[in-house]
Amino acid sequence: MDHFLYRDGQLFAEDVAVSEIAAAVGTPFYVYSSATLLRHFRLFDEALAGMPHQVCFAMKSLSNQAVLKLLGDAGAGMDVVSGGEYRRARAAGIPGDRIVFSGVGKTVEEMRLALEGGIRQVNVESEPEMEALSAVAVSLGVTVPITVRVNPDVDAKTHAKIATGKSENKFGIPISRAREVYAMAARLPGLRVIGIDVHIGSQLTDLAPFEAAYRKVAELTEILRADGHSIERLDLGGGLGIPYARSNAAPPLPSDYGALIQRTVGHLGCEIEIEPGRLISGNAGLMVSKVIYVKSGEGRDFMILDGAMNDLIRPAMYDAHHDIVPVIEPQVGVEPQPYDIVGPVCESGDTFAKQRMMPPLAAGDLVAFRSAGAYGAVMSSEYNSRPLIPEVLVQGDQFAVIRARPTFDEMIARDTIPEWL
Ligand code: LLP
């Protein structure tokens, strides 16, 4: 469910016509709906209502500070995976005690930043990281709450590039070695073991892999408690999938997911933490783009847009499907036609969709990529020297540019030509 609907033949973002935003900021751009973001956050919050809990938004999916502030004001914490994300979350006003630090390669500098600035917990992913964190904590004279991320060796049944819970993936420590790693954590100074962390992958559309992983975590909780560790908090990661195509079967709801958590780990009396990204931000954003040309090829027509793979890389990178809809609602009775929908970047990978049925469009018409709020703007680049596209936030009938489009001069001025050239 989102707030991007046609009204009087025009696509709206809440109460603002998408064409009005396009006229004000130019294309391409991202637009996010505050109501959708908040609604999705609250669905998770309510799904865990029966247990002490904290929802930490995986800000890697959408990290604009305006979005972080909106969610933070509603009570969200943040899951960060870099010093940059930590700084961004703090700049958006998120208190340190609502920030969890995940990631397989935290540097000593990043650890110091988090420990000095305040952190809810660090999710440790390896023994060398644990030693480094202990040394940083001791040097600062603090004790840092930690969980250890365990790899439960569960097949998340998602795209190979975004599955993380199989033993061949780089994430976490094998669950079979958990006892020795927790024993090591208990011995090291500056660390306080508070729980267990697990995250098995992203865009999961079936609850069974979560169930398998969470049952293993429940079992491990009992074992570690018997070993004398204090396991008070379970960080169960993110990963619940969203419907990318209108035609797809609906994935499980946050309420189903909450019931599963209750069923698998609820009896342990732990505080529950989850790190959803995509389900909160994915369907809360559109990428809006303009048709530059419609070109007839050999046996196929190409719709060439001003948005490209550098602006939204998911189709090129994961063969991901995004629904693409015209901003002006097609008239009843207009026959859709197949188009290859592409960007202007100079490689064939810059293809958003092949033989997609669309109403006939002409140069200057606007289209919107649905479900583009997660892993859209954050993964964009300036490939082909195309400046990063702006982000806009809508709330009711108001909208604001929350990241401006840089000028060409700003983009170009970042390079330096050495004196000796
Ligand atoms: N927690 C951890 C430790 C993660 O690694 C991730 C995602 C999440 C939470 C949030 O997962 P979510 O709820 O958003 O599924 N760029 C890819 C997705 C990469 C996901 C990486 N980790 C894409 O566009 O599909």
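Residues numbered from 1 in each chain as written. Predicted model: local features only at pLDDT ≥ 70, side-chain atom pairs only at ≥ 80, totals over all residues. Heavy atoms only, no water.

**Comments concerning the sheet that holds strand β3 (residues 16–17)**
Each strand in a sheet pairs with another by means of backbone hydrogen bonds, the pair being arranged parallel or else antiparallel. Read from one edge of the open sheet, 3 strands run β1-β2-β3, paired in antiparallel fashion. Strands at the two margins of the open sheet, each flanked by one partner only, are β1 (4–7) and β3. Direction of pairing for strand β2 (residues 10–13) relative to β3: antiparallel, over a ladder of 2 bridges. Across the sheet, Phe-12 pairs through a bridge with Ala-17, a residue of β3. (Pairing = 2+ DSSP bridges. Helix = DSSP H or I, 4+ residues; strand = E, 2+ residues; numbered from the N terminus.)

**Some words on helix α1 (residues 18–25)**
Inspection of α1 places Val-18, Ile-21, Ala-22 and Val-25 among the buried residues, and these make up the whole buried set. Take α1 and look down its axis: the buried residues cluster within an arc of 100°, on one side only. When the buried face of α1 is taken as reference, the exposed residues oriented beyond 90 degrees from it are Ala-23 and Ala-24. Once α1 finishes, Gly-26 follows within two positions and takes phi at roughly 80°, a positive value. (Buried < 20%, exposed > 50% of the residue type's maximum accessible area, 1.4 Å probe, protein only. Arc of directions from axis to C-beta.)

**A word on the domain arrangement of the protein chain**
Along its sequence, the protein chain is organised into domain 1 (4–31 + 282–412) and domain 2 (34–281). For domain 1 and domain 2, the distance between their C-alpha centroids amounts to 32 Å. With 24 residues of domain 1 in contact, the opposing surface of domain 2 contributes 25 residues. In total, about 2100 Å² of surface goes out of reach between domain 1 and domain 2, with carbon and sulfur atoms giving 52% of it. The largest per-residue losses of area from domain 1 upon contact with domain 2 belong to Asn-283, Tyr-318 and Tyr-375, which jointly make up 25% of the total buried on that side. Counting across the interface, domain 1 meets domain 2 through 0 salt bridges. Our enumeration of links across domain 1 and domain 2 arrives at 11 residue pairs in polar contact (both at pLDDT 80 or more). At the level of elements, α11 (314–318), β20 (391–395) and β21 (398–403) are the ones that each hand at least two residues to the side of domain 1 that touches domain 2. In terms of residue count, the dominant contributor to the side of domain 1 that touches domain 2 is β20 (4 residues). (Domains from an automatic or database assignment. Contact = heavy atoms within 4.5 Å. Buried area = accessible area lost by both parts, 1.4 Å probe. Salt bridge = Lys/Arg side-chain N within 4 Å of Asp/Glu carboxyl O. Polar contact = N/O pair within 3.5 Å; in protein donor to acceptor, adjacent residues only side chain to side chain.)

**A word on a nonpolar patch on the surface**
A contiguous nonpolar surface patch, about 490 Å² in accessible area, is contributed by Ile-417, Trp-420 and Leu-421. With respect to the helices, strands and loops of the structure, Leu-421 is situated in the segment after α12 (408–412). (Patch = residues over 30% accessible without salt bridge, like charges linked within 9 Å, V, L, I, M, F, W, Y side chains within 5 Å. Areas by Shrake-Rupley, 256 points an atom, 1.4 Å probe, with all protein chains shown as cover.)

**Some points on the site of the ligand**
Neighbouring the ligand are 18 residues; Ser-202, Glu-275, Arg-278, Arg-314 and Tyr-375 lie closest to it. Taking Gly-239, its main chain carries an N or O atom lying 2.8 Å from an oxygen atom of the ligand. The side chain of Arg-314 places a nitrogen or oxygen atom 2.6 Å from an oxygen atom of the ligand. Against a free-state accessible area of 590 Å², the protein chains account for coverage of 91% of the ligand. By residue class, the composition of the shell around the ligand is 6 nonpolar, 6 polar and 6 charged. Here the shell around the ligand spans two domains, since at least three of its residues come from each of domain 1 (4–31 + 282–412) and domain 2 (34–281). (Near = heavy atom within 4 Å. Nonpolar A, V, L, I, M, F, W, Y, C, P; charged D, E, K, R; others polar.)

**Describing the side chain of Ser-371**
Mapped onto the elements of the fold, Ser-371 is located in the loop between β19 (366–369) and β20. Residue contacts for Ser-371: discarding those within four places in its chain leaves Ile-242, Pro-243, Tyr-244, Gly-282, Asn-283, Gly-285 and His-322.

**Some points on the packing of aromatic side chains**
One pass over the full model with this rule turns up 6 aromatic pairs. Between Phe-210 and Tyr-257 the ring centres are 5.0 Å apart and the planes differ by 65°, which places this aromatic pair in the edge-to-face class. Taken together, the residues Phe-210 in helix α8 (residues 208–226) and Tyr-257 in helix α9 (residues 254–265) connect sequence positions 47 residues apart. A residue is classified by how much of its surface remains accessible, and Tyr-257, at 2% relative accessible area, is buried. Through pairs of rings, three or more aromatic residues link up here, namely Phe-44, Phe-210, Tyr-214 and Tyr-257. Positioned above the aromatic ring of Phe-12, the side-chain terminus of Arg-7 is 4.8 Å from the ring centre. (Phe/Tyr/Trp six-rings, centres within 6.5 Å; stacked < 30°, edge-to-face > 60°. Lys NZ or Arg CZ within 6 Å of the ring centre and 35° of its normal.)

**A word on the pattern of salt bridges**
A full pass over the atoms with the stated rule returns 19 salt bridges. Taking the shortest distance from any N to any O, the salt bridge between Lys-60 and Asp-79 comes out at 3.7 Å. Remark: Asp-79 occurs in strand β6 (residues 77–80) and Lys-60 occurs in the loop between β5 (53–58) and α3 (65–73); sequence separation between them is 19 residues. The class for Lys-60 is partly exposed, based on a relative accessible area of 31%. The buried category is assigned to Asp-79, whose relative accessible area is 2%. The salt bridge partner of Arg-120 is Glu-271, with a shortest N-O separation of 2.9 Å. Residue Arg-120 is located in the loop between α5 (108–117) and β8 (121–124), and its partner Glu-271 is located in strand β13 (residues 271–274); the two are separated by 151 residues in the primary sequence. Because the salt bridges share partners, they merge into one network encompassing Arg-120, Arg-233, Glu-271 and Glu-273.

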